[in-house]
Each structure stands twice: as C-alpha cells, then as structure tokens.
Amino acid sequence: MATRKGLIKVRYPTPPALEFVASIEVEVSETITIGTTAQGMRRVAPIRGGTVTGPRISGRVLDAGADFQPYPSEDLALLEANYVLELHDGHRILVENRAMRVASAQDLASMMAGEHVDPRRVYFRCVPSLSADESGPYAWMNRTFFLGTGERRPEGVRIDVFRVK
C-alpha cells in the first residue's frame, strides 16, 4: 500500500496474547555431575517437590522427575525437565519442559555451584508441555501451547507459565 510520499506502509501482525497460568517452584536435591561428554558438561538435578500457585492451577510438585542439564558451552544451558504436578483437587499433570538458560560463563558457574545470581543477568525461557487426563477438567492443557520464564535459585527453580491465547 503506497502513501503520499511514496513510502510503503507495512502492517505487522498482532502477536499472540499470553495468559498467566501459574508459578511452579521446583525444589531440587544435590545435582549429579556426569562430566564433560561429547555434548559438553552434563548434569542431572533430581526434582524433590515444590509448589504450584496461580489463577488457573494450584497444588504441589511431586517427588518424581529430574532436570537433565546439558551445557554445550560455558554460557549456555539447555534444560530438559520432566516431573509431575498434583493439583489441589487430586488431578495430576505431567510437565515436560524444555528451556534455554544463557548467562556469562561466570554466572552459570555460580549457579552450578548453588549460588544466587541476579536473574536480570540471565536469559531463561522455556516451552513447557502440560499433559492431563483427557476425561478430566484439565484436558484443555492437551490442546494448549505454553511459554514460560525461569529463575534459578540456590534451592531450586521458579517457572512462570503462560498460556498462549
């Protein structure tokens, strides 16, 4: 579409909206270091519990699952966490979360050592998949795309989950 001065006016698409679902506070026990492999440093953080609080769901994180952590470079962690939520009404949700955490090599080393790092210095984004029983009230999760932001804390991880509308 041309304008009076010969410039083309570009119409950008409207980005999808996000709706806050819940914050998941995941408690982990001592991380198991595998060592430096062909894919970089590998670690596993056993998931031992936690809480879920939010406007769409609330409950607890079960002592079931782990966060598998490949570090392909000194400034990058590619995280794969699988665990189970038990909601306030007894329904269970399987979480399969893929995340990317980018920070300076020094900040990632501090996090790996269990130290606090200012979350503003870390890019931590994720794509959690939430699976629920098809016959239950949370079946909508099976047909919904989610995005999230994360924060690594000394005692675990906080994930803020958003539904893509």
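Rules used in this analysis
- Residues numbered from 1 in each chain as written.
- Predicted model: local features only at pLDDT ≥ 70, side-chain atom pairs only at ≥ 80, totals over all residues.
- Heavy atoms only, no water.
- Core = buried A, V, L, I, M, F, W, Y, C linked by side-chain atoms within 4.5 Å.
- Buried < 20%, exposed > 50% of the residue type's maximum accessible area, 1.4 Å probe, protein only.
- Helix = DSSP H or I, 4+ residues; strand = E, 2+ residues; numbered from the N terminus.
- Contact = heavy atoms within 4.5 Å.
- Pairing = 2+ DSSP bridges.
- Phe/Tyr/Trp six-rings, centres within 6.5 Å; stacked < 30°, edge-to-face > 60°.
- Polar contact = N/O pair within 3.5 Å; in protein donor to acceptor, adjacent residues only side chain to side chain.
- Salt bridge = Lys/Arg side-chain N within 4 Å of Asp/Glu carboxyl O.

## Some details on the nonpolar core
Judged by nonpolar contacts, the single largest core of 35 residues is most densely connected at Ile24, Ile57, Tyr83, Leu85 and Ile93. When contributions to this core are tallied by element, the ones reaching two or more residues are strand E1 (18-28), strand E3 (40-53), strand E4 (59-71), strand E5 (76-87), strand E6 (92-102), helix H1 (105-112), strand E7 (123-131) and strand E9 (156-164). By residue number, the principal contributor to this core is E5, which donates six residues. In this structure Ile57 touches Val21, Ala22, Val52, Leu85, Leu87, Tyr138 and Met141, once residues within four positions along its chain are discounted.

## Brief notes about the pairing of E3
Note: E1 against E3, six bridges, orientation antiparallel. Across the sheet, the residue bridging to Glu27 is Gly49, located in E3. Bridge count for strand E2 (residues 32-37) against E3 is five bridges, and the pairing is antiparallel. Residue pairing for E3: Thr36 is matched across the bridge by Met41. Counting the residues between successive antiparallel strands, the hairpin from E2 to E3 contains two residues.

## Overview of the packing of aromatic side chains
This structure, assessed with the given rule, holds two aromatic pairs. The interplanar angle of 55 degrees and the centroid separation of 5.6 Å between the aromatic rings of Phe20 and Phe162 together place this pair among those described as tilted. Of the two residues, Phe20 is situated in strand E1 and Phe162 in strand E9; the sequence distance between them amounts to 142 residues. The exposure class of Phe20 is partly exposed, given its relative accessible area of 31%. By relative accessible area, Phe162 is classed as partly exposed at 23%. When the ring of Trp140 is compared with that of Phe146, the centres are 6.1 Å apart and the planes differ by 55 degrees; the resulting orientation is tilted. Look at Trp140 and you get partly exposed, because its relative accessible area is 23%.

## Regarding the side chain of Thr31
For Thr31, the position within the fold is in the loop between E1 and E2. Separated by 3.5 Å, the side chains of Thr31 and Arg43 make a polar contact. The contact partners of Thr31, leaving out residues within four places of it in the chain, are Arg43, Val44, Ala45 and Gln69.

## Description of the pattern of salt bridges
For the coordinates displayed, the defined rule picks out twelve salt bridges. As a salt-bridge pair, Arg121 and Asp107 come within 2.6 Å of each other at their nearest N and O atoms. Here the residue Arg121 occupies a position in the loop between H1 and E7, and Asp107 occupies one in helix H1, the gap between them amounting to 14 residues. Taking relative accessible area as the criterion, Arg121 reaches 49% and is therefore assigned partly exposed. A salt bridge links Glu134 to Arg143; its shortest N-O distance comes to 2.8 Å. On the basis of relative accessible area, Glu134 is assigned to the partly exposed category, the value being 46%. Judged by relative accessible area, Arg143 falls into the exposed class, the value being 63%.

These results come straight from atomic positions and should not be treated as a statement about function.
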